[in-house]
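The chain contents come next:
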Amino acid sequence: MQEETSHKQKLAEFEARIARGEKIEPGDWMPDEYRRQLIRMISQHAHSEVVGMLPEGAWITHAPNLRRKLVLMAKVQDEAGHGQYLYHAAESLGATREEMLDALLSGRAKYASIFNYPTLTWVDVAWVGWLVDGAAIKNQMMLAHCSYGPYSRAMVRICAEETFHYKQGKEMIVQYMTSGTPEQKAMTQDGLNRWWQPMLMMFGPHDAESKNTAVLMRWGIKTKSNDTLRQEFINEEVPELLALGLTLPDPDLKFNEETGNWQIGPIDWDEFWRVVKGNGPMNKERLAARTKAHNDGLWVREALAAYAEKTS
Ligand code: FAQ
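Quick caveat: nothing in here was measured; it's all calculated off a predicted structure.

Colleague: Sorry if this is basic, but what is going on with the overall build of the protein chain here?
Modeller: The helix and strand inventory of the protein chain stands at 13 helices and two strands. Taking 2.2 N^0.38 as the reference for a compact globule, 312 residues should give roughly 20 Å; the C-alpha atoms of the protein chain span a radius of gyration of 21 Å, in line with that estimate. On the principal axes, the C-alpha backbone points of the protein chain span a range of 75 × 60 × 35 Å. Counting all 312 residues of the protein chain, 47% fall into the buried class. Across the protein chain, the centroid of the 36 positively charged side chains sits 3 Å from that of the 42 negatively charged ones.

Here is the structure:
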């Protein structure tokens, strides 16, 4: 009975801290479910950054000129750094790197569905920058205000870098659409046709189907729902895409004067769940590439462990 009262009291104090806008720090008391939700989300986010290096990384050796190659290398390296910050943030909650990597490589962990699609042409690098980094920033600007200190601070740095990623993608699309050849314009439209729907899915299922949102919002981890962020992103990007002469691959797209929103047609959630469950176009290749990188890095981990033992 006394134990129950003390738990209720701790929970009330914890929720009051969140209501006052205070950050929760690693050693602070927190409900088990808060810790579980954060480990789930942050580790998935870390995996997304690391797997997310693969679709664009494939184009580094095919970049059309030195400037584009330097920018792309810097971007892909940034994503590795984001993975590091995020794995550290999850470690601050008690998750170990080994557990998290094991979950990823064994296929038990989720990561952003979008990275299971192939980058078929060079312009896909540009679309990943504009649409994928753009959608990621939209979500992460919200997470920069989340109640868990280490996650929110990691997000501030990550968002600054993702903004550069977004701009380099947009710069390429603008160039191809305003001064490109007819082939470049056609390639750009083809890329938009393939990336638009998967990008919309990145924000997660509709609010009515989103099982985690309620608890995440209660504890200030998320402050906006999946549908709210998706709609904000659509409203911001559609006018810019149309202004470049691009066609959105959605016959139902229209501006709703009453709500002030760009209204979209249905999203193919069957495809989303197929991809999330491991059966997307590139799931197997992505996990095989991460497993190879992990195995190739074994000698580095062994050398570090031997050095640590020798110097301790
Ligand atoms: N993909 O209840 P909800 C990036 C799962 S970073 C796969 O609505 P929640 C940088 C979800 O986990 C992109 N699975 O979930 C970059 C849950 O299953 P669970 C990653 C998804 O957590 C750019 C189930 O569906 N960003 O791109 C997805 O409230 C370019 C039910 O969903 C983050 O991870 C999905 N798209 O909302 C790198 C940000 N959506 O876990 C390289 C942090 C949902 O219960 C190149 N995460 N699921 O088994 C979040 O903000 C949230 O977790 C959401 C999902 C918004 C992703």
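Still more to cover.
Colleague: Can you help me understand the site of the ligand in this one?
Modeller: Taken together, 39 residues are adjacent to the ligand, and Gln44, Lys110, Ser210, Lys222 and Asn226 come closest. A distance of 2.9 Å is found between a nitrogen atom of the ligand and a backbone nitrogen or oxygen belonging to Ser113. Protein contacts shield 94% of the accessible area of the ligand, which totals 1100 Å² for the unbound molecule. Of all the elements in the fold, those that place two or more residues in the shell around the ligand are α2 (32-51), α4 (66-91), α6 (123-143), α7 (149-179), α9 (213-218) and α11 (269-279). Of all the elements, α6 adds the most residues to the shell around the ligand, at seven residues. For the shell around the ligand, the per-class residue count stands at 17 nonpolar, 12 polar and 10 charged.

Colleague: Where do I start with the environment of Lys224 in this structure?
Modeller: Position of Lys224 among the secondary structure elements: in the loop between α9 and α10 (226-243). With 81 residues separating them along the chain, Lys224 and Leu143 place their C-alpha atoms 9.3 Å apart. When sequence neighbours within four positions are dropped, the list of residues in contact with Lys224 reads Met142, Met217, Leu229 and Glu232.

Colleague: Just to check I follow, could you spell out the pattern of salt bridges for this structure?
Modeller: Charged atoms that come close allow side chains of opposite charge to pair. Going through the model one piece at a time under the given rule, you end up with 22 salt bridges. For Arg194, the salt bridge goes to Asp124, with nearest N and O atoms at 2.9 Å. Pair noted here: Arg194 is in helix α8 (residues 182-201) and Asp124 is in helix α6, with a separation of 70 residues, a long-range link. The exposure class of Asp124 is buried, given its relative accessible area of 0%.

Colleague: Help me out: how do you make sense of the side chain of His82 in this one?
Modeller: Mapped onto the fold, His82 is located in helix α4. Overall, His82 belongs to the buried group, its relative accessible area being 0%. Polar contacts involving the side chain of His82 include one to the side chain of Glu49, which spans 3.3 Å. Non-local contacts of His82, meaning those with residues more than four positions away in its chain, are made with Glu49, Ile158, Glu161, Glu162 and His165.

Reading the values: rules and limits
Residues numbered from 1 in each chain as written. Predicted model: local features only at pLDDT ≥ 70, side-chain atom pairs only at ≥ 80, totals over all residues. Heavy atoms only, no water. Helix = DSSP H or I, 4+ residues; strand = E, 2+ residues; numbered from the N terminus. Rg over C-alpha atoms; globule rule 2.2 N^0.38 Å. Buried < 20%, exposed > 50% of the residue type's maximum accessible area, 1.4 Å probe, protein only. Lys, Arg positive; Asp, Glu negative; His and termini not counted. Charge placed at Lys NZ, Arg CZ, Asp CG, Glu CD. Near = heavy atom within 4 Å. Polar contact = N/O pair within 3.5 Å; in protein donor to acceptor, adjacent residues only side chain to side chain. Areas by Shrake-Rupley, 256 points an atom, 1.4 Å probe, with all protein chains shown as cover. Nonpolar A, V, L, I, M, F, W, Y, C, P; charged D, E, K, R; others polar. Contact = heavy atoms within 4.5 Å. Salt bridge = Lys/Arg side-chain N within 4 Å of Asp/Glu carboxyl O.

Structural measurements only, silent on function.
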